[in-house]
Amino acid sequence: MRVQPNVQYGERDGVPLRLDLFHPGQGELAPVVLMIHGGGWISGTKNDYHDEASWLCEQGFAVAVPEYRLAPLYPFPAAIADIQLATSFLRNESKRLEIDSERVGAIGNSAGGHLAAMTGLCTKPFNHEVEVAPVQAVVNICGLADIRNPRETNFDIAIPFIEQFMSCGYEGNEQAYADASPVTYVCPEVAPILIIHGSDDDVVKPEVSAQLHEALSECGAESYFYEMPGEAHSFSFDGWMKVRELYLDFLSKKLGVS
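Model, not experiment: these values are computed from the prediction.

Focus: the environment of Y185
Argument step 1. Relative to the helices and strands, Y185 resides in the loop between α7 (174-179) and β7 (193-198).
Argument step 2. If near-sequence neighbours (up to four positions away) are discounted, Y185 is found in contact with M118, L121, C122, K124, F126, A178, D179 and V190.

Right, here's the structure in full:
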């Protein structure tokens, strides 16, 4: 394994945007997975996922762990635009980085799960300097799938994070909230998606993840939903080992790692 820290993938508002690239170093183009940290869109760093990235890299994947601009200083659509830019960068620089531009996935938990889902479902260019290219697989772990009507679709604890991410309340800004919701972009052509959620999550409602899965399945998209019995928003050790098993199997099948 080799690690390239602080690879700059772009710049926005004078802020350099970087990612850490973990590569299995097997002398061939590796499939690459964007691993997107959580933190309610207002906190967290790319370092949060280093251990997980190292583990996934040991399974044969290149893993890109990007930083992105955080709310409330940089509200919607900044984080989504940054992840779109990171995805485009990986494709455009694939030969130099020794990754396969046709085998790109995205995974994240919580706010990172939301951003991963947006990466797989949304073709709207929030970053107008890049073409939005589809990824081949998405793993959304307890991400917020729907922030429309936020007080109906989300627990009260999530509302301050949502409003900081959006920089505004819902009333009068309904279209912006729809634009920021993965469920808005459900269609048959979206990337295959695995949705994992703890049954006892009291931060992000598991039933909304189930509804996203149902909407995807009904329109003919490839979607898989696994509800983890007894798990909360922060998984137990045993629970996370099961999460790893699920997403490794899914990514291996969709991105071609045996």
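Structural notes on unusual backbone geometry
Argument step 1. Look at the link from A71 to P72: it is a cis peptide, with omega at 0 degrees.
Argument step 2. Relative to the helices and strands, P72 is located in the loop between β4 (62-66) and α2 (78-92).
Argument step 3. Residues F76 and P77 are joined by a peptide bond in cis, for which omega reads 10 degrees.
Argument step 4. Considering the arrangement of structural elements, one finds P77 in the loop between β4 and α2.
Argument step 5. At S110, a residue that is not glycine, the phi angle is positive and equals roughly 60 degrees.
Argument step 6. According to the relative accessible area criterion, S110 is buried, its value standing at 12%.
Argument step 7. Phi angles above zero are rare outside glycine, and N149 is one such case at about 45 degrees.
Argument step 8. For N149, the location among the structural elements is in the loop between β6 (137-141) and α5 (150-153).
Argument step 9. We classify N149 as partly exposed; its relative accessible area is 33%.

Quick look at the environment of F250
Argument step 1. Residue position: F250 is located in helix α9 (residues 237-255).
Argument step 2. Remark: the alpha-carbon pair of F250 and R148, spanning 102 residues in sequence, is separated by 29 Å.
Argument step 3. If we ignore the near neighbours within four places in the chain, the residues touching F250 are A137, V138, V139, P192, I193, L194 and Y224.

Remarks on the pattern of salt bridges
Argument step 1. Summed over all chains, the structure comprises 13 salt bridges.
Argument step 2. The shortest N-O distance in the salt bridge between R96 and E93 comes to 2.9 Å.
Argument step 3. Overall, R96 belongs to the exposed group, its relative accessible area being 53%.
Argument step 4. Each of D13, R69 and D82 takes part in salt bridges that share partners, so that together they form one network.

Considering the packing of α2 against helix α4 (residues 111-121)
Argument step 1. Put simply, α2 and α4 touch, their axes get as near as 10 Å, and they point 60 degrees apart. Between α2 and α4, the crossing angle belongs to the class labelled oblique. By crossing handedness, the relation of α2 to α4 is classed as right-handed. Together, A79, I80, I83 and T87 of α2 and H114, L115, M118 and T119 of α4 make up the contact between the two elements.
Argument step 2. Here the contact of α2 with α4 is built from residues that sort into five nonpolar, three polar and no charged.

Some points on the packing of aromatic side chains
In this description, an aromatic ring pair is defined by two values, namely the gap between the centres and the angle between the planes.
Argument step 1. Overall, the coordinates contain seven aromatic pairs when judged by the stated rule.
Argument step 2. Each ring, one from W55 and one from Y247, has its centre 5.9 Å from the other, and the planes form 85 degrees; the classification is edge-to-face. Within this pair, whereas W55 is found in helix α1 (residues 50-58), its partner Y247 is found in helix α9, the two being separated by 192 residues in sequence.
Argument step 3. Overall, the relative accessible area of 18% leaves W55 in the buried class.
Argument step 4. Geometrically, the ring pair formed by F76 and F165 is edge-to-face, given 5.9 Å between the ring centres and 65 degrees between the ring planes. Here F76, found in the loop between β4 and α2, pairs with F165, found in helix α6 (residues 159-166); they are 89 residues apart in sequence, far enough to count as distant. We note that F76, like F165, is buried.
Argument step 5. Members of the aromatic cluster, each reached through a chain of ring pairs, are W41, F76, F126 and F165.
Argument step 6. Across from the ring centre of F155, 5.5 Å away, lies the NZ or CZ of K205, which sits over that ring.

Quick notes on the rules
Residues numbered from 1 in each chain as written. Predicted model: local features only at pLDDT ≥ 70, side-chain atom pairs only at ≥ 80, totals over all residues. Heavy atoms only, no water. Helix = DSSP H or I, 4+ residues; strand = E, 2+ residues; numbered from the N terminus. Contact = heavy atoms within 4.5 Å. Buried < 20%, exposed > 50% of the residue type's maximum accessible area, 1.4 Å probe, protein only. Salt bridge = Lys/Arg side-chain N within 4 Å of Asp/Glu carboxyl O. Axes fitted to C-alpha atoms, helices over the stretch in contact; angles between N-to-C directions. Parallel < 35°, antiparallel > 145°, perpendicular 65-115°, else oblique. Left-handed = near helix turned anticlockwise from the far one by under 90°. Nonpolar A, V, L, I, M, F, W, Y, C, P; charged D, E, K, R; others polar. Phe/Tyr/Trp six-rings, centres within 6.5 Å; stacked < 30°, edge-to-face > 60°. Lys NZ or Arg CZ within 6 Å of the ring centre and 35° of its normal.

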